[in-house]
Amino acid sequence: MTQALDAILEIFSWVGFGAAVVFGIAAVVVWASDGTWLPADAYLDEDGRTLRWLDDAGEVNAAELSAHDRDHLGAGGTARIWYRHGWRDRMRFTRRPPVLRLLVGLAIGGGVLGVVTVLASVVVFFLRS
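Values in this document were obtained by computation on a predicted structure and should not be read as measured data.

Caption draft 1: Region of the structure containing the overall build of the chain. In terms of regular secondary structure, the chain is built from 2 helices and 5 strands. Along the chain, from the amino end to the carboxyl end, the secondary structure elements read α-β-β-β-β-β-α. A globule of 129 residues ought to have a C-alpha radius of gyration of about 14 Å, yet the chain, at 23 Å, is considerably larger. A principal-axis box enclosing the C-alpha atoms of the chain has dimensions of 75 × 25 × 15 Å. Expressed as a percentage of its 129 residues, the buried residues of the chain come to 29%. Considering only intrachain contacts with a sequence separation of at least 6, the fraction spanning at least 24 residues in the chain is 64%. On the chain, roughly 8600 Å² of surface is accessible, and the fraction owed to carbon and sulfur atoms is 67%. Between the averaged position of the 12 positive side-chain charges in the chain and that of its 14 negative side-chain charges there is a distance of 4 Å.

Structure (structure tokens):
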């Protein structure tokens, strides 16, 4: 029974630390390739489907809104958005891509799993002695 417990703890520690490294590298790649996004205040157009904003060059940009995107609008049809620097008509409601939060969470979870199993392995080692 003790050998099985040692093997299970060893496997989970390798899996946890491995997942932390893999998801951490993926998070850095996603973060680095995301580009520069700048904040802006956007306003709903008269048609009720188009969001418009001014970029840093003073040009007017526009993006069609889906039904899901309308939930982000505040009073008076305004919203705080992030637009892609150097691109036209690209915007989102968050500064970072949503997948980045998932990857960081998985990396942290893997690291926690690795640390917890290593600590459990040390505790089991000293309890046997």
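The discussion continues.
Caption draft 2: The packing of aromatic side chains, seen in detail. Inspection of every chain in the model, using the stated rule, returns 1 aromatic pair. Both rings, one in Phe-125 and one in Phe-126, keep their centres 5.3 Å apart while their planes meet at 75°; by these two values the pair is edge-to-face. The exposure class assigned to Phe-125 is partly exposed, which follows from its relative accessible area of 48%. Over the aromatic face of Trp-87 sits the side chain of Arg-90, whose NZ or CZ is 4.9 Å from the ring centroid. Against the face of Trp-37 rests Arg-92, its NZ or CZ located 3.8 Å from the ring centre.

Caption draft 3: A look at the pattern of salt bridges. Scanning the model with the defined rule gives 3 salt bridges in all. Asp-34 is paired through a salt bridge with Arg-92; the nearest N and O atoms lie 2.6 Å apart. With a gap of 58 residues between them, Asp-34 in the loop between α1 (2-33) and β1 (37-44) and Arg-92 in strand β5 (residues 91-92) connect regions that are remote in the sequence. The closest approach of N and O atoms between Arg-80 and Asp-41, which form a salt bridge, is 3.1 Å. One end of the pair, Arg-80, is in strand β4 (residues 78-84); the other, Asp-41, is in strand β1, with 39 residues separating them in the sequence. Given a relative accessible area of 43%, Asp-41 falls into the partly exposed group.

The rules behind these values
- Residues numbered from 1 in each chain as written.
- Predicted model: local features only at pLDDT ≥ 70, side-chain atom pairs only at ≥ 80, totals over all residues.
- Heavy atoms only, no water.
- Helix = DSSP H or I, 4+ residues; strand = E, 2+ residues; numbered from the N terminus.
- Rg over C-alpha atoms; globule rule 2.2 N^0.38 Å.
- Buried < 20%, exposed > 50% of the residue type's maximum accessible area, 1.4 Å probe, protein only.
- Contact = heavy atoms within 4.5 Å.
- Areas by Shrake-Rupley, 256 points an atom, 1.4 Å probe, with all protein chains shown as cover.
- Lys, Arg positive; Asp, Glu negative; His and termini not counted.
- Charge placed at Lys NZ, Arg CZ, Asp CG, Glu CD.
- Phe/Tyr/Trp six-rings, centres within 6.5 Å; stacked < 30°, edge-to-face > 60°.
- Lys NZ or Arg CZ within 6 Å of the ring centre and 35° of its normal.
- Salt bridge = Lys/Arg side-chain N within 4 Å of Asp/Glu carboxyl O.

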